[in-house]
Amino acid sequence: MRVSKKVASIEPSVTLEISAKAKALKKEGKDIVAFTAGEPDFNTPEYIIKEAEKALYDGKTKYTPTSGIPELKRAIVKKLKEENGLCYEEANIVVSSGAKSSLYHALCTIVDEGDEVIIPAPYWITYVEQVRLAGGVCKIVNTDEKSGYKLTNEQFEGAITEKTKCVLLNSPCNPTGVVYSKEELEGLAKIAEKHGVEIISDEIYEKLVFEGEKHVSIASLSEYAKNHTIVINGVSKTYAMTGWRIGYMACPTVEVAKAVAAMQGHTTSNACSFAQYASAVAISGGTEFIDYMSAEFDKRRRLLVEGLSKIDGIRLVYPKGAFYVFAKVSAFYGKELDGQKITGSVSFADALLKCGVAVIPGLAFGDDDSIRLAYTVSCEDIEKGVRGIEKFISRLA
Ligand code: PLP
């Protein structure tokens, strides 16, 4: 059987490849510190698990409305109003099987064949593949250390053409951990308005912000932004619920929400019924767990940043959100480890893995000069991993 051209053109996931190698080495008994997992290493809080159990015993095991159960939509509407200053009706909300699905369904709903979608790099690789699958054309804009890995107003405006449909923003960002300020988002919102560009705002890491940083939803910054943004969010990262597969989007109009639901109705249909009931309770269940988890992540972030900053040749843009550190390692390209030459982020990550530390090559995020380290591991492992990186670098010749 021949695979379609569309699917055959999907790049194999570098992330999965290196994670699989790390797993295989662990299985062989090798001691590996894996900075690879893009998910919290915490258990889902018990009050959420109990609600899922209750839902199962209560027979909430049937199809639900495609766009989500009213209880969950109500909780989302309340959350968006109280935490993000965004007023929506329940009819504007569509619940999907994870934010990844929300994103794909949003893209399929608004992007026509050949429409351009502006994506700042480094980016979450899924954006690129989803835009392509949706028939769009990725317009990648490379950001750098100078702008703190943020899309500047000039870059944004310079990337807009008559074919531009939308821009995909992600703050806090995977893989860089940077958080856009209100002023920066206001600037981008004004440019979007000037050129009639739509916005998709992926806010999945909104609760993981540190050092007094505040997450701001671009949709809250102007009437235009509210009326032209699809806000994407979910419970995966906030409540350690990655496996539950519940994401959602807030659509600017009921028409868009209905269009998404129509599309979703023929693909995934409703998200998992009992996970929806549990998510409603998660979202309205207070901040105790989030406060605990984010304090832990903050501790680890400081430890990892401090450790990496001490290594000569590694450069960082200080991360203030999500659970990633994006480290520039191109100073080591051209060097060798036991005869293996390091030519880019993939060979760097490969060689480092042989020394017991797994990281994701920046190439997976559109930046071959860097690597991504997720601090979804214990403080002990972070210390051990940093020592491993130091040792690896000292062996490079
Ligand atoms: N957006 C970003 C930037 C992510 O990193 C991820 C997960 O890694 C998602 C969305 C998807 O989250 P979900 O588990 O809800 O599909």
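For the structure, see preceding data.
Because the structure is a prediction, the values reported are computed rather than measured.

Here is what the cut-offs are and how they apply
- Residues numbered from 1 in each chain as written.
- Predicted model: local features only at pLDDT ≥ 70, side-chain atom pairs only at ≥ 80, totals over all residues.
- Heavy atoms only, no water.
- Helix = DSSP H or I, 4+ residues; strand = E, 2+ residues; numbered from the N terminus.
- Buried < 20%, exposed > 50% of the residue type's maximum accessible area, 1.4 Å probe, protein only.
- Contact = heavy atoms within 4.5 Å.
- Lys, Arg positive; Asp, Glu negative; His and termini not counted.
- Charge placed at Lys NZ, Arg CZ, Asp CG, Glu CD.
- 1 Å grid on protein atoms, 1.4 Å probe; cavity = no way out; pocket = protein on both sides within 12 Å on 5 of 7 lines; lining within 4 Å.
- Points joined across faces, edges and corners; volume = space filled by probe spheres on them.
- Pairing = 2+ DSSP bridges.
- Axes fitted to C-alpha atoms, helices over the stretch in contact; angles between N-to-C directions.

A. How the structure looks around the overall build of the chain. Along the backbone of the chain there are 14 helices and 15 strands. Across its three principal axes, the chain shows a C-alpha extent of roughly 60 × 55 × 55 Å. The proportion of buried residues among the 397 residues of the chain is 54%. Within the chain, counting contacts between residues at least 6 apart in sequence, those at least 24 apart form 74% of the total. Measuring between centres, the 49 positive side-chain charges of the chain sit 3 Å from its 53 negative side-chain charges.

B. Summary view of empty space enclosed by the protein. Evaluation of the coordinates by the stated rule reveals four cavities of 30 Å³ or more. Taken as a whole, the largest cavity spans an internal volume of roughly 100 Å³. Looking at the largest cavity, it is lined by 14 residues, and the ones nearest its centre are Pro120, Pro122, Asn170, Cys173 and Tyr180. For the lining of the largest cavity, the secondary-structure elements that each account for two or more residues are strand 3 (116-121) and strand 5 (164-170).

C. Expanded view of the sheet that holds strand 5. Read from one edge of the open sheet, seven strands run 2-8-7-6-5-3-4, paired in mixed fashion. In this open sheet, the two strands that pair with only one neighbour each are strand 2 (93-96) and strand 4 (137-142). Pairs of neighbouring strands in the sheet enclose a mean axial angle of 20°, with direction left out of account. Both strand 6 (residues 198-202) and strand 7 (residues 229-234) contribute to a ladder of four bridges, which runs parallel. Looking at strand 7, one finds that isoleucine 200 is bridged to isoleucine 230.

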